[in-house]
Amino acid sequence: MNFADLHLHTIFSDSTYTPEELLKEASKHGLSAIAIVDHDTVDGIEVTLDIAKSSSVEVIPGIELTAEYDGLEIHILGYLIDYKNKSFLEKLDNLKKTRVERIYKIVDKLKDIGIDLNPDSVFEISKAGTVGRLHIARAMVKEGWANSLSEAFGKYIGDKCPAYVCGFRFSPEEAIKLIKEMGGVPVLAHPYILKKDELIPQFVDYGLMGLEVYYPEHTQSMVNFYLNLAEKYNLLVTGGSDCHGNAKPGIKIGSIKIPYELVEKLKEARP
Ligand code: AMP
Ligand code: ZN
Ligand code: FE
Ligand code: FE
């Protein structure tokens, strides 16, 4: 049987893996297909597709769009999107700028609580990729402001923490509709992390087409719960590891392997 991992990041957002490394790791772990879903960017897709031509691993183009609802961050995966569409690329460019502004806002809030993090130390880590909280957490550890990433998130920059800033521009409705307009398949990422299952029917009304049922933090009972929900609302089922390379050493590529059959269903469902 063939397997896929449909939730992977690259250096174009907040993973340490280059497209080359990602493909090498994917083939080492026996994956037939992978999806690249960087946060709010498609910059890594073309280069990865090019390198994949000489690899046995199939690359599914995707994105993990950040939306905001009621001060909460909601991640919508978009598979098989038209990553060359001009107006889409412009919108993503705006998001990139929003993310940079957000770093300064978070740094200001950190300053208020006595943490004097230099924003340049964050941008040095993110380099050209879309910048986010994982880069802040890494910079905090590097500069000695936190002992670990989980301390950085748990005490300072995680949801509901003193230096948390949301500030994303899309609503879930806009994110879902945009992915569909770009010919993609919108899927709700890691629903258990969100802990807002009551919103799912509304998202389905907006056009949501799938649930990320298989995810490292989902227990078997959660998997069963979301499988039932997917059946009830006629949604596709996806899954992936959310591997960020060495930025999150505990989460390995291929730690979630879904049957390739689910990739075929995703392709058939493309609007
Ligand atoms: P952002 O898009 O900037 O809000 O950052 C999202 C990134 O932060 C994703 O890679 C998440 O996996 C990561 N993240 C969010 N909360 C935590 C946490 N508590 N511990 C580790 N990483 C987290
Ligand atoms: Zn990330
Ligand atoms: Fe996510
Ligand atoms: Fe992710």
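Values in this document were obtained by computation on a predicted structure and should not be read as measured data.

Q: For the sheet that holds strand S6 (residues 210–214), give the residues involved together with the corresponding values.
A: Taken in spatial order, the eight strands line up as S7-S6-S5-S4-S3-S2-S1-S8 in an open sheet, and their pairing is mixed. Edge strands, defined here as strands with exactly one partner in the open sheet, are strand S7 (236–239) and strand S8 (258–259). Where strand S5 (residues 185–188) lies against S6, two bridges are found, and the strand directions are parallel. Across the sheet, residue Val187 finds its bridge partner in S6, namely Gly210.

Q: So what about the coordination of the zinc ion (ligand 2)? Which residues, and what values?
A: Of the protein atoms, only Asp14 (OD), Asp14 (OD), His39 (NE2) and His244 (NE2) coordinate the zinc ion (ligand 2), at distances of 1.9 to 2.6 Å. When the donor residues of the zinc ion (ligand 2) are listed from N- to C-terminus, their spacing reads D-x24-H-x204-H. A separation of 4.6 Å is found between the zinc ion (ligand 2) and the iron ion (ligand 4). Of this pair, Asp14 sits in the loop between strand S1 (3–8) and helix H1 (19–28) while His244 sits in the loop between S7 and S8, placing them 230 residues apart in sequence. For Asp14, a relative accessible area of 8% corresponds to the buried category.

Q: Explain the site of ligand 1 to me, and be specific about the residues and the numbers.
A: Every residue near ligand 1 is listed here: Asp14, His39, Glu73, Arg99, Arg102, Gly132, Arg133, Phe153, His244 and Lys248. Here an oxygen atom of ligand 1 and a side-chain polar atom of His39 are 3.4 Å apart. Arg133 places a main-chain nitrogen or oxygen 2.8 Å from an oxygen atom of ligand 1. Look at ligand 1: alone it shows 490 Å² of surface, and the protein chains cover 77% of it. The residue makeup of the shell around ligand 1, split by class, is one nonpolar, three polar and six charged.

Q: Requested: an account of the packing of H1 against helix H2 (residues 45–52), with residues and values cited.
A: In the contact formed by H1 and H2, the axes pass within 9 Å of each other and the chain directions differ by 50 degrees. As far as their axial angle goes, H2 and H1 are oblique. Read as a crossing pair, H1 and H2 show a hand that is right-handed. Side by side, H1 and H2 meet where Pro19, Glu20 and Leu23 of the first sit next to Val47, Thr48, Ile51 and Ala52 of the second. Its residues assigned to classes, the contact of H1 with H2 shows five nonpolar, one polar and one charged.

Q: Could you give me a rundown of the coordination of the iron ion (ligand 4), with the residues and numbers involved?
A: Coordination of the iron ion (ligand 4) by the protein comes from His7 (NE2), His9 (NE2), Glu64 (OE) and Asp242 (OD), over a distance range of 2.1 to 2.3 Å. Metal-centred angles of 78 to 165 degrees between the four donor atoms at the iron ion (ligand 4) mark the site as irregular. Each donor residue of the iron ion (ligand 4) belongs to the same chain, with the gaps between them written as H-x1-H-x54-E-x177-D.

Q: How would you summarise the packing of helix H3 (residues 86–112) against helix H4 (residues 119–126) if you had to cite specific residues and measurements?
A: In contact at an axis separation of 10 Å, H3 and H4 are set at 140 degrees when each is read in the N-to-C sense. It follows from the interaxial angle that H3 and H4 lie oblique. Crossing hand, H3 versus H4: right-handed. Contacts from Val100, Ile103, Tyr104 and Val107 of H3 reach H4 at Pro119, Val122 and Phe123. When grouped by side-chain class, the residues that make up the contact of H3 with H4 number seven nonpolar, no polar and no charged.

Q: Go over the side chain of Thr41 with me, naming the residues and quoting the values.
A: Within the fold, Thr41 resides in the loop between strand S2 (33–36) and H2. A distance of 3.0 Å separates the side chain of Thr41 from the backbone nitrogen of Asp43, its partner in a polar contact. The residues touching Thr41, leaving out its near neighbours within four places in the chain, are Phe12, Gly62, Ile63, Leu92, Lys96 and Thr130.

Q: Just give me the short version of the nonpolar core, but keep the residues and values in it.
A: Grouped together as the largest cluster of nonpolar side chains are 55 residues, with contacts concentrated most on Leu6, Val42, Leu65, Tyr79, Phe88, Leu188 and Leu211. If we skip the residues at most four places from it in the chain, Leu6 touches Ile34, Ala35, Val37, Ile60, Tyr79, Thr238, Gly239, Gly240, Ile258, Val263 and Leu266.

Reading guide: rules and limits
- Residues numbered from 1 in each chain as written.
- Chains lettered and ligands numbered in written order.
- Predicted model: local features only at pLDDT ≥ 70, side-chain atom pairs only at ≥ 80, totals over all residues.
- Heavy atoms only, no water.
- Pairing = 2+ DSSP bridges.
- Helix = DSSP H or I, 4+ residues; strand = E, 2+ residues; numbered from the N terminus.
- Donors = N, O, S within 2.8 Å, 3.2 Å for Na, K, Ca; no water.
- Buried < 20%, exposed > 50% of the residue type's maximum accessible area, 1.4 Å probe, protein only.
- Near = heavy atom within 4 Å.
- Polar contact = N/O pair within 3.5 Å; in protein donor to acceptor, adjacent residues only side chain to side chain.
- Areas by Shrake-Rupley, 256 points an atom, 1.4 Å probe, with all protein chains shown as cover.
- Nonpolar A, V, L, I, M, F, W, Y, C, P; charged D, E, K, R; others polar.
- Axes fitted to C-alpha atoms, helices over the stretch in contact; angles between N-to-C directions.
- Parallel < 35°, antiparallel > 145°, perpendicular 65-115°, else oblique.
- Left-handed = near helix turned anticlockwise from the far one by under 90°.
- Contact = heavy atoms within 4.5 Å.
- Tetrahedral: all angles 85-135°; square planar, octahedral: opposite > 155°, others 65-115°.
- Core = buried A, V, L, I, M, F, W, Y, C linked by side-chain atoms within 4.5 Å.

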